[in-house]
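One letter stands for each residue in the lines below.
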Amino acid sequence: QAQAVAQLRHGSDLPAFAHALRHLADLDASARDPRADAEYDEALALYRSLDDAPELDLADAVRGKAAHAERLGRLDQARVLWLKAEARERLSRLGA
């Protein structure tokens, strides 16, 4: 996954880059790797910069960051992120 991220970083396909970066963050978070925080932040910034980013992709990135924060014991941060992820999912189901 790191190799895919490296290749996509210098390309023009920002949605694919954001998606690959989120998956790398998920892998690093599962290993409690501190790089996951920056990877989630970068993926979220990319998703937010796209006019047509799917809300569920953005919600998945928020959810991943929330789970990572929870695993690391940052419970206040995790609570806020879980609420944001849930809100994004519900809005997406409503077509908003």
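Here the structure is shown first, and the text comes after it.
Each chain has its residues counted from 1, running along the sequence as written. Only residues with pLDDT of 70 or above have their local features reported here, since the model is predicted, and side-chain atom pairs are shown and tallied only from 80 upward, although totals for entire chains, interfaces and linings are computed over all residues. Hydrogens and waters are ignored; side-chain quantities use all the structure's heavy atoms.

1. Some thoughts on the overall build of the chain
Step number 1: For helices the rule is a DSSP run of H or I covering at least 4 residues; for strands it is a run of E covering at least 2, with both sets numbered from the N terminus onward. When helices and strands are counted, the chain shows 5 helices and 0 strands.
Step number 2: In terms of overall dimensions, the chain is globule-like: its C-alpha atoms have a radius of gyration of 13 Å, near the 12 Å expected for 96 residues.
Step number 3: Taking the principal axes of the C-alpha coordinates as reference, the chain spans close to 35 × 35 × 15 Å.
Step number 4: For the purpose of counting charges, residues Lys and Arg are taken to be positive, whereas Asp and Glu are taken to be negative. His and the chain ends are not included. Think of each charge as sitting on NZ of Lys, CZ of Arg, CG of Asp or CD of Glu. Looking at charge distribution, the chain has the averaged site of its 14 positive side-chain charges lying 5 Å from that of its 17 negative ones. Both definitions apply: the radius of gyration is a C-alpha atom measure, and the globule rule equals 2.2 Å times residues to the power 0.38.

2. Topic: the side chain of glutamate 39
Step number 1: Take glutamate 39: it is sitting in helix α3 (residues 35–49).
Step number 2: Exposure is judged per residue with a 1.4 Å probe applied to protein chains only, and the accessible area is read against the type maximum: over 50% gives exposed, under 20% gives buried, and values in between give partly exposed. We define a salt bridge as a contact between a side-chain nitrogen of Lys or Arg and a carboxyl oxygen of Asp or Glu at a distance within 4 Å. Although glutamate 39 lies buried, it forms no salt bridge, and the closest oppositely charged side chain, arginine 35, sits 4.7 Å away as judged by the N-O distance.
Step number 3: Excluding anything up to four places from it in sequence, glutamate 39 contacts Leu21, Leu24, Ala25 and Asp28. Here a residue-residue contact requires only that any non-hydrogen atoms of the pair lie within 4.5 Å.

3. Comments concerning the nonpolar core
Step number 1: Of all hydrophobic cores here, the largest spans 18 residues; its most connected members are Val5, Phe17, Leu21, Leu44, Leu46, Tyr47 and Val62.
Step number 2: Among the elements of the structure, α2 (14–30), α3, α4 (55–71) and α5 (75–93) are those that each provide at least two residues to this core.
Step number 3: Per element, the largest residue contribution to this core is 5 residues, and it comes from α2.
Step number 4: Setting aside residues up to four positions removed in sequence, tyrosine 47 forms contacts with Ala18, His19, Arg22, Ala53, Asp57, Leu58 and Ala61. Side-chain atoms within 4.5 Å link the members of a nonpolar core, which is a set of buried Ala, Val, Leu, Ile, Met, Phe, Trp, Tyr and Cys residues.

4. Quick word on the environment of arginine 74
Step number 1: When you line up the elements, arginine 74 lands in the loop between α4 and α5.
Step number 2: Those residues in contact with arginine 74 that lie beyond four places of it in its chain are Asp37, His68 and Ala69.
Step number 3: A distance of 2.8 Å separates the side chain of arginine 74 from the side chain of aspartate 37, its partner in a polar contact. Any pair of N or O atoms that falls within 3.5 Å is considered a polar contact. Within protein, one atom must be able to donate a hydrogen and the other to accept it, and sequence-neighbouring residues count only if both atoms are side-chain atoms.

5. Considerations on unusual backbone geometry
Step number 1: Phi is positive for arginine 32, which is not a glycine, with a value near 60°.
Step number 2: Considering the arrangement of structural elements, one finds arginine 32 in the loop between α2 and α3.

6. Considering the environment of alanine 59
Step number 1: Considering the arrangement of structural elements, one finds alanine 59 in helix α4.
Step number 2: Residue classification places alanine 59 among the buried positions, given a relative accessible area of 0%.
Step number 3: Residues alanine 59 and alanine 85 lie 26 residues apart in sequence; the distance between their C-alpha atoms is 4.8 Å.
Step number 4: Sequence-distant contacts of alanine 59, that is, excluding residues within four places in its chain, are made with Ala85, Arg88 and Glu89.

7. Digging into α2
Step number 1: Under the 1.5 Å per step criterion, the end-to-end length of α2 is 24 Å for 17 residues, consistent within 8% with the ideal 24 Å.
Step number 2: Those residues of α2 lying buried are Phe17, Ala18, Ala20, Leu21, Arg22, Leu24, Ala25, Asp28 and Ala29.
Step number 3: Two to three positions downstream of the cap, the backbone nitrogen of alanine 16 sits 3.2 Å from a side-chain oxygen, assigning the N-cap of α2 to aspartate 13.
Step number 4: Remark: arginine 32 follows α2 within two positions and exhibits a positive phi of approximately 60°. A helix is expected to reach a length of 1.5 Å times the quantity of its residues less one.

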